[in-house]
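So you can see what is in the structure, the chains are spelled out below.
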Amino acid sequence: MMALVVLGLAGIGVAGLLAHVVFGALGDMAREETRTRLESIPFVLLELAASRIPAELRPDLEAEWRAELAFHIDGTEGMPVTRIARGIRFAASLLRGAPDVTRGFTGQFRDTWATARREAGVVVTVIGLILVAGGAIEAATTTQHAYGAACICLASCLVMRGACAALGRKAGNLAATVRFAFVCVAGALEYVARPSPLLLLSCAACLLVFALTVRSQIAFRMHARSCPACAGEPAAGR
Amino acid sequence: MQDVRITLALLMVLRQFAEDVTQPRYGYDLMRATGYPSGKLYPILARLTAAGWLTRAPETVNPSEAGRPARYTYVLSTDGAALARQALAEYSAELAPPRMRLAPRTQGGSA
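Residues numbered from 1 in each chain as written. Chains lettered and ligands numbered in written order. Predicted model: local features only at pLDDT ≥ 70, side-chain atom pairs only at ≥ 80, totals over all residues. Heavy atoms only, no water.

Chemist: An account of the overall build of chain B is needed here, citing residue identities and associated values.
Modeler: For chain B, the count of helices and strands is five helices and two strands. Ordered by position from N to C terminus, the α and β elements of chain B give α-α-α-β-α-β-α. Counting every position in chain B, which comprises 111 residues, the buried fraction comes to 38%. The contacts of chain B with a sequence gap of at least 6 include a subset with a gap of at least 24, amounting to 60%. Carbon and sulfur atoms provide 53% of the accessible area of chain B, an area that totals close to 7000 Å². (Helix = DSSP H or I, 4+ residues; strand = E, 2+ residues; numbered from the N terminus. Buried < 20%, exposed > 50% of the residue type's maximum accessible area, 1.4 Å probe, protein only. Contact = heavy atoms within 4.5 Å. Areas by Shrake-Rupley, 256 points an atom, 1.4 Å probe, with all protein chains shown as cover.)

This is how it looks when you write it as structure tokens:
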């Protein structure tokens, strides 16, 4: 009996030792992995910066920036935090300034990300329009108006976001205005089918917000006419 | 040789090159000398290179032998050096502080 207890304790001890070794090794590996990943952040940022440059300029500039980054973090061996911070500062600044580098070389503002955003905007707009049409058909042909209203609201967001991206405009109050307009229409359809005081109240609240948003839009447009600083919305990606 | 829109930051970079017009400079050196971040310095270098004021060329080193990738150097072109000197002289005169009086202006009539 005593021998069994001793054997059991010895087994537990060995298992504990093994677990300690295994978890210690795993911890070291995880630390090493994290360290490597963190050290690669500046290079990832540099790749992203290069992706904003047109293809004809990219290889040359990326080679230069990589060489400078290597030189920039040189001499920081044994100081991993300094190394990463220095690298990130260099690469992040280039990520922000990459379109200006292109403009410096070509004289034109060309940001490949802006082009990608516009293309994505067109796709989102088309998807949104399909959803709007589907929601409208659903609302008109069945009594499930809530579903149609939800579809319309969701799709109107997509349409506005997509259209703004496609046109290179920032989605601002205009998107909110149209969204509230759709909510009002959807709410009215729902009320016609199933009138209830709660729905009437929520509809009235939406209508009020819609009216206030329109009012602020009109006020802004009137102000922008006479204020050169406010005329025109800033282009996306700038 | 194209015209370049002169800004204070661009003049600061030109000043670094004008200290020794034959000395090739690297982006890192210029960042340290001017204190500008990479996102501000490289657009300036791009403008000056595109306008022909600077000449940009890769180093002639073998990366495997040197143990590092080849860096790119920037040096003022012949015309660029003349234009840089002219721009620095013109704008340093414009930015110079007004001549200050050593004595306060006396009120009332002269002695």
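Once you've had a look at it, read on.
Chemist: Explain the interface of chain B and chain A residue by residue, including any values.
Modeler: Listed by partner, the interface residues are 20 residues for chain B and 19 residues for chain A. Summed over both sides, the interface of chain B with chain A buries roughly 1700 Å², with 61% coming from carbon and sulfur. Summed over the shared surface of chain B and chain A, the result is three salt bridges. The salt bridge partner of Glu68 of chain A is Arg71 of chain B, with a shortest N-O separation of 2.9 Å. Applying the counting rule to chain B against chain A returns eight residue pairs in polar contact (both at pLDDT 80 or more). Elements with a contribution of two residues or more to the side of chain B that touches chain A: helix H2 (27-34), helix H3 (38-50) and strand S2 (72-76) of chain B. Top contributing element to the side of chain B that touches chain A by residue count: H3 of chain B, with nine residues. Along the lines of polarity and charge, the residues of the side of chain B that touches chain A split into twelve nonpolar, four polar and four charged. (Buried area = accessible area lost by both parts, 1.4 Å probe. Salt bridge = Lys/Arg side-chain N within 4 Å of Asp/Glu carboxyl O. Polar contact = N/O pair within 3.5 Å; in protein donor to acceptor, adjacent residues only side chain to side chain. Nonpolar A, V, L, I, M, F, W, Y, C, P; charged D, E, K, R; others polar.)

Chemist: Got a sec to walk through the packing of helix H1 (residues 8-19) of chain B against helix H5 (residues 78-95) of chain B? Specific residues and values, please.
Modeler: Residues and elements named next belong to chain B. At a closest axis distance of 10 Å, the pairing of H1 and H5 adopts a crossing angle of 125 degrees. Classed by the angle they form, the pair H1 and H5 counts as oblique. Seen along the crossing, H1 lies across H5 with a hand that is left-handed. Contacts between H1 and H5 involve Leu8, Leu11, Leu14, Arg15 and Ala18 from the former and Ala84, Ala87, Leu88, Tyr91 and Leu95 from the latter. Residue composition of the contact of H1 with H5, grouped by class: nine nonpolar, no polar and one charged. (Axes fitted to C-alpha atoms, helices over the stretch in contact; angles between N-to-C directions. Parallel < 35°, antiparallel > 145°, perpendicular 65-115°, else oblique. Left-handed = near helix turned anticlockwise from the far one by under 90°.)

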